Amino acid sequence: MNGLQAPIGEDDLQSFVDGRLGGERLAAVENYLEANPDIRSRVSLEKQQRSALRSALQAKFSEPVPARLRIAAIRTARRQLWRRRIAGAAAALVLMAAGGAGGWFARGQSTALALGTTVVTRDAVAAYRTFVVEVAHPVEVGAAQEAHLIRWLSKRLGRPLKAPDLTQFGFHLMGGRLLSTDAGAAAQLMYETTGGRRLTVYVQATQGVETAFRFRQDGDAATFAWLDQGYGFAVTANSNRSELLPIAEVVYQSLDGEMLQQ
C-alpha cells in the first residue's frame, strides 16, 4: 500500500500540525481536512496553540547555549552514560551466571531500551487510576504543607520542582506523593475542582530524549506526556484532547521550563 492509499491517521495530522508533511501526502491530508470540517477545526486550533507556545518560548531560543549543551559536555555525558550501561550489563551477567536472574535481566534491559513517552504515560496513568479514586488518602502531603511537599519531592527527584498554578482551569492543588518506578523516584501532584474532578501532574526521571507532546486516550483517562533533559512529564485527567492540551501547555511552561533552566 503506497502513501496515497494509506488512510489519514493521527500521525499524519500531528505531522501536519508540526509542518513536517510535504508533497503528495500533504495534499492528501489537506483534502482530508477539507472533507472533514470538525477535524479541520481541531487541527487549526492545535496549530494556533503550537504557534502560541513557540512564541512564548522564543526568548529562550535566543539565549546563549547553556554549558551543559555544548558539544564537549554532551560527549562527556555520553561517555559516562556508556560506562554506566556497560557496568550495569556486566553486573547483570554476573547475576545471570549465578542463576535465577534471567527474568530480571531481560525485564531491566527492555525497560531501559523502551523508556520514552510510552513508559511515562503508562506509569502516569497507572498512578492516576490508583490514587484519583481515593477518598481518605488521595495524597501523602496536603496542599496546606505545599512548601514542605515541594522540597521533599525535589530532593527525591534530584531536580527543582514546583506546583503549577491551574486555577484558571478550575483545578486547585490537593497535595502530592512520592512514587517508585523502574526508572527510580517519581512525583505525583493532584488537583481537584470544586465539583470533585481530579487531575494529576506526574514527573519521573528517565533516559529518554524526546521533546514532542504525545497524547493518549485510555478509556476515560486522557494524558499528554513529553520528555526533556532526562525527565518525563505527564498530565492526566478524565478529559479529552482539546480540553487537556491548554492545561498541559501551562504545566510545560510552569514546571518543565522552570526545571530545565536550572
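Note that the structure is predicted; figures quoted are calculated from it, not measured.

Trainee: Got a minute to help me understand the pairing of strand β4 (residues 198–205) in this structure?
Mentor: Buried residues dominate β4, accounting for seven of its eight residues. Sheet topology note: the strand β3 (residues 184–192)/β4 ladder contains seven bridges and is antiparallel. Its bridge partner being in β4, M190 is matched across the sheet by T200. Taken together, the seven bridges between β4 and strand β7 (residues 231–238) define a ladder with antiparallel strand orientation. Bridging from a neighbouring strand, T200 pairs with T236 of β7.

Trainee: I would appreciate a short explanation of the confidence of the model for the protein chain in the present structure.
Mentor: Reading predicted coordinates in detail is not appropriate for stretches of low pLDDT. Summary statistics for the protein chain give a mean pLDDT of 79 and a share of 73% for residues scoring 70 or more. Contacts for the low-pLDDT stretch residues 91–114, under 50 throughout, to residues beyond four places or in other chains number 12 contacts.

Trainee: How should I be thinking about empty space enclosed by the protein in this particular structure?
Mentor: Summary: where empty space remains is shown by rolling a probe the size of a single water molecule over the atoms. For the structure shown, the criterion picks out one cavity of 30 Å³ or more. Put simply, the largest cavity is a space of about 30 Å³. R42, L45, E46, Q49, R241, S242 and L245 are the residues that line the largest cavity. Where the lining of the largest cavity is concerned, the elements lending two or more residues are α3 (37–56) and α9 (241–260). The biggest single contributor to the lining of the largest cavity is α3, with four residues.

Trainee: For this particular structure, what's the right way to read the sheet that holds strand β2 (residues 172–181)?
Mentor: In sheet architecture, strand pairing relies on hydrogen bonds along the backbone and comes in two forms, parallel and antiparallel. With antiparallel pairing, the seven strands of this open sheet are ordered in space as β1-β2-β3-β4-β7-β6-β5. Every interior strand has two partners, whereas the edge strands, β1 (141–142) and β5 (214–218), have only one. In the sheet, strand β6 (residues 221–228) pairs with β7 via eight bridges, with the strands oriented antiparallel. What sits directly across from W226, in β7, is F233. Against the sheet, helix α7 (residues 117–131) engages β2, β3, β4, β5, β6 and β7, with an angle of about 135° to β6.

Reading the values: the criteria
Residues numbered from 1 in each chain as written. Predicted model: local features only at pLDDT ≥ 70, side-chain atom pairs only at ≥ 80, totals over all residues. Heavy atoms only, no water. Buried < 20%, exposed > 50% of the residue type's maximum accessible area, 1.4 Å probe, protein only. Helix = DSSP H or I, 4+ residues; strand = E, 2+ residues; numbered from the N terminus. Pairing = 2+ DSSP bridges. pLDDT = per-residue confidence, 0-100. Contact = heavy atoms within 4.5 Å. 1 Å grid on protein atoms, 1.4 Å probe; cavity = no way out; pocket = protein on both sides within 12 Å on 5 of 7 lines; lining within 4 Å. Points joined across faces, edges and corners; volume = space filled by probe spheres on them. Axes fitted to C-alpha atoms, helices over the stretch in contact; angles between N-to-C directions.

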